[in-house]
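What follows is each chain in one-letter form.
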Amino acid sequence: FPVTIGVDIKRGELVKKVAKEASLDEGFSGRSIEFIPNGTYHYLAMPGYYKTVDALIMASTEEAAGMPMLEAAAARRLCIGTPVGYFAEHGLKGGGHLVGLDEENFVKETVDILQHYKYNDDAYKKKCLDIQEYARENYDWSKVVDQWIALF
């Protein structure tokens, strides 16, 4: 995991701890928990990858943008993350779940969220749909092209 000034800023170990505490050995739909190091998948393979996961959890303490959260939202996946990158601005508005940055709150809040959806399939499906609808209305190229033109 990337390290900045001797600190693991991605905190993958916290996500592993969350999965263990939430007893999600088989995810929501029988899929196993998977931890993907940065750079494992080429960006062109990501649409296919998101079809294989139930949720994306971002434990980062800092992100320039945090594109995987935006991609997961567009793919109708549950998004849980810290208030960094684009997720700091779009997380709650977009239907995702913002959780605390400090380790203790991150683990507790994320476990609680996952436990809720593990036993509430209809709520899980609705939340994922809400997240995707927000992504369509806010992340689609047609919604941001004027901002990019103004920038250039």
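Provided above is the structure to which this section pertains.
Heads up: these notes are all about the structure in this document. (Residues numbered from 1 in each chain as written. Predicted model: local features only at pLDDT ≥ 70, side-chain atom pairs only at ≥ 80, totals over all residues. Heavy atoms only, no water.)

## Overview of the overall build of the protein
Scanning the protein from terminus to terminus reveals seven helices and five strands. Residues counted as buried form 38% of the 152 residues belonging to the protein. (Helix = DSSP H or I, 4+ residues; strand = E, 2+ residues; numbered from the N terminus. Buried < 20%, exposed > 50% of the residue type's maximum accessible area, 1.4 Å probe, protein only.)

## Focus: the side chain of Arg77
Mapped onto the secondary structure, Arg77 falls in the loop between helix H3 (67-74) and strand E4 (78-81). Look at Arg77: it is buried, it has no salt bridge, and the nearest opposite charge is Asp54 at 6.0 Å. Discounting residues that sit within four places of it in the chain, Arg77 has contacts with Tyr50, Lys51, Val53, Asp54, Ala72, Cys128 and Ile131. (Lys, Arg positive; Asp, Glu negative; His and termini not counted. Salt bridge = Lys/Arg side-chain N within 4 Å of Asp/Glu carboxyl O. Contact = heavy atoms within 4.5 Å.)

## With respect to the environment of Ala135
For Ala135, the location among the structural elements is in helix H6 (residues 121-138). Placed 40 residues apart in sequence, Ala135 and Gly95 show a C-alpha to C-alpha distance of 9.4 Å. Excluding anything up to four places from it in sequence, Ala135 contacts Ala73, Ala74 and Asp140.

## Topic: the pairing of E4
It is a general feature of regular strands that their side chains alternate between the two faces of the sheet. The alternating pattern of E4 places Leu78 and Ile80 and Cys79 and Gly81 on opposite faces, both of which are buried. As paired strands, strand E3 (residues 55-58) and E4 are joined by four bridges and run parallel to one another. From the neighbouring strand, Ile57 faces E4, where its bridge partner is Ile80. Relative to strand E5 (residues 97-98), E4 runs parallel, the two sharing two bridges. By the bridge assignment for E5, Ile80 is matched with His97. (Pairing = 2+ DSSP bridges.)

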